[in-house]
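Results of the structural survey
The primary structure of each chain is shown beneath.
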Amino acid sequence: MVTPAAKRKAVAHLVDAHGMSERRACKAISCCRMTVRYQTAREDDASLRQRMRAIALERRRFGYRRLHVLLKREGYLINHKKLFRLYREERLAVRRRGGRKRAIGTRAPMMVPMAPNDRWSLDFVSDQLTDGRRFRILTVVDDCTRECLALVADTSLSGTRVARELDRLMRERGKPKMVVSDNGSELTSNAILTWADQSRVAWHYIAPGKPMQNAFIESFNGRLRDELLNEMLFTSLAQARVTLRCWQADYNDARPHSRLGWKTPSEFAFTCHPRRDLALRYAEGSAPAPVATTAQPGKSNSRSELWIG
């Protein structure tokens, strides 16, 4: 019996089952009478619990941090520690799925692009319908704003089809400076090489067997599979396309992103200032400035000279 609730329950049992007085029951279990008579002053959180359960049921792969952001948007003013307590009491913790392999060895840091359309990443995700037919999804992400630019689902996605989708994105959004992808057969085809040469877009292929070099799209694919593909069953390709379109709009306009200060990708893209972000985030390295200035050739600084003797 460690918690006050357990002590109150024990005192109540001694009083009811054994006919002890409250004073004697408290003395028997070494419990203060003030603890037994304490009446909680906490507010009724029934509406908050109900709304939190409703959001968690709708978005089953969201943790308490994202639930906290969504509740704040709806006007619930609550401390994140209290929300975590209620989250645990309601047993809404997200169940962890199977672990993943970790890369071994040193990693070269990847420079984060500082403006929209600086770099796009693309990859493929596979899934299947309820009748067993398999289909693939072309995913395209802006590495700066984290926006999902395209989710193209089809039973076959050739290099020509990928080039056509990239042309559509360029007409809607503008031309990227660089595109990053793996070495899949569709992305190393003559159609893609011709498109990159004619569009004058730098195409960077990651090292074979190194998906961590394309970390932005790999992280996005993990979210897509965890929050949508593993939660839904698709009976037709048309249903999958409609569902993907709705999820893309929700991801860009409603889902808070932890790496963007809990803003949505669309909100971050609207308030993105490349020059300001460059000055604040990646203008120079993190090393401290030198204490003394570098001496010019042929000149001496008498204040910094060290005299001996």
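An account of the accompanying structure is given in this report. (Residues numbered from 1 in each chain as written. Predicted model: local features only at pLDDT ≥ 70, side-chain atom pairs only at ≥ 80, totals over all residues. Heavy atoms only, no water.)

Details of the sheet that holds strand S4 (residues 178–181)
Sheets are built from strands paired through backbone hydrogen bonds, the pairs being either parallel or antiparallel. Strand order in the open sheet formed by five strands is S3-S2-S1-S4-S5, and the pairing between neighbours is mixed. Whereas interior strands pair on both sides, the edge strands pair on one side only; in this sheet they are strand S3 (148–154) and strand S5 (202–205). Neighbour to neighbour, the strand axes of the sheet diverge by 25 degrees on average, direction disregarded. Bridge analysis of strand S1 (residues 120–128) against strand S2 (residues 134–142) gives nine bridges, and the strand direction is antiparallel. From the neighbouring strand, Asp 127 faces S2, where its bridge partner is Phe 135. Against the sheet, helix H10 (residues 237–253) makes contact with S2 and S3, and its axis sits at roughly 170 degrees relative to S3, the strand it touches most. (Pairing = 2+ DSSP bridges. Helix = DSSP H or I, 4+ residues; strand = E, 2+ residues; numbered from the N terminus. Axes fitted to C-alpha atoms, helices over the stretch in contact; angles between N-to-C directions. Contact = heavy atoms within 4.5 Å.)

Topic: the pattern of salt bridges
Per the counting criterion, the structure on display carries 25 salt bridges. Residue Lys 82 pairs with Asp 45 through a salt bridge whose shortest N-O separation is 3.4 Å. Here the residue Lys 82 occupies a position in helix H6 (residues 80–89), and Asp 45 occupies one in the loop between helix H3 (33–37) and helix H4 (46–58), the gap between them amounting to 37 residues. The class of Lys 82 is partly exposed, set by a relative accessible area of 28%. (Salt bridge = Lys/Arg side-chain N within 4 Å of Asp/Glu carboxyl O. Buried < 20%, exposed > 50% of the residue type's maximum accessible area, 1.4 Å probe, protein only.)

Focus: the environment of Cys 31
Along the chain, Cys 31 turns up in the loop between helix H2 (22–28) and H3. In this structure, the C-alpha to C-alpha distance between Cys 31 and Ala 10, residues 21 residues apart in sequence, is 9.8 Å. Aside from chain neighbours lying at most four places away, what touches Cys 31 is Lys 7, Cys 26 and Val 36.

Observations regarding the packing of aromatic side chains
Applying the stated criterion across every chain yields a total of eight aromatic pairs. Three or more aromatic residues joined by ring pairs form one cluster here, namely Tyr 64, Phe 84 and Tyr 87. The ring of Phe 62 has Arg 66 sitting right over it, with the charged end atom 5.9 Å from the ring centre. (Phe/Tyr/Trp six-rings, centres within 6.5 Å; stacked < 30°, edge-to-face > 60°. Lys NZ or Arg CZ within 6 Å of the ring centre and 35° of its normal.)

Regarding helix H9 (residues 215–229)
With 15 residues, H9 should reach 21 Å at 1.5 Å per residue; the first-to-last C-alpha distance of 20 Å fits that figure. Residues of H9 that are buried include every one of Phe 216, Ile 217, Phe 220, Asn 221, Leu 224, Asp 226, Glu 227, Leu 228 and Leu 229, and no others. Along its buried surface, H9 packs onto S1, S2, S3 and H10. (Expected span 1.5 Å × (residues − 1).)

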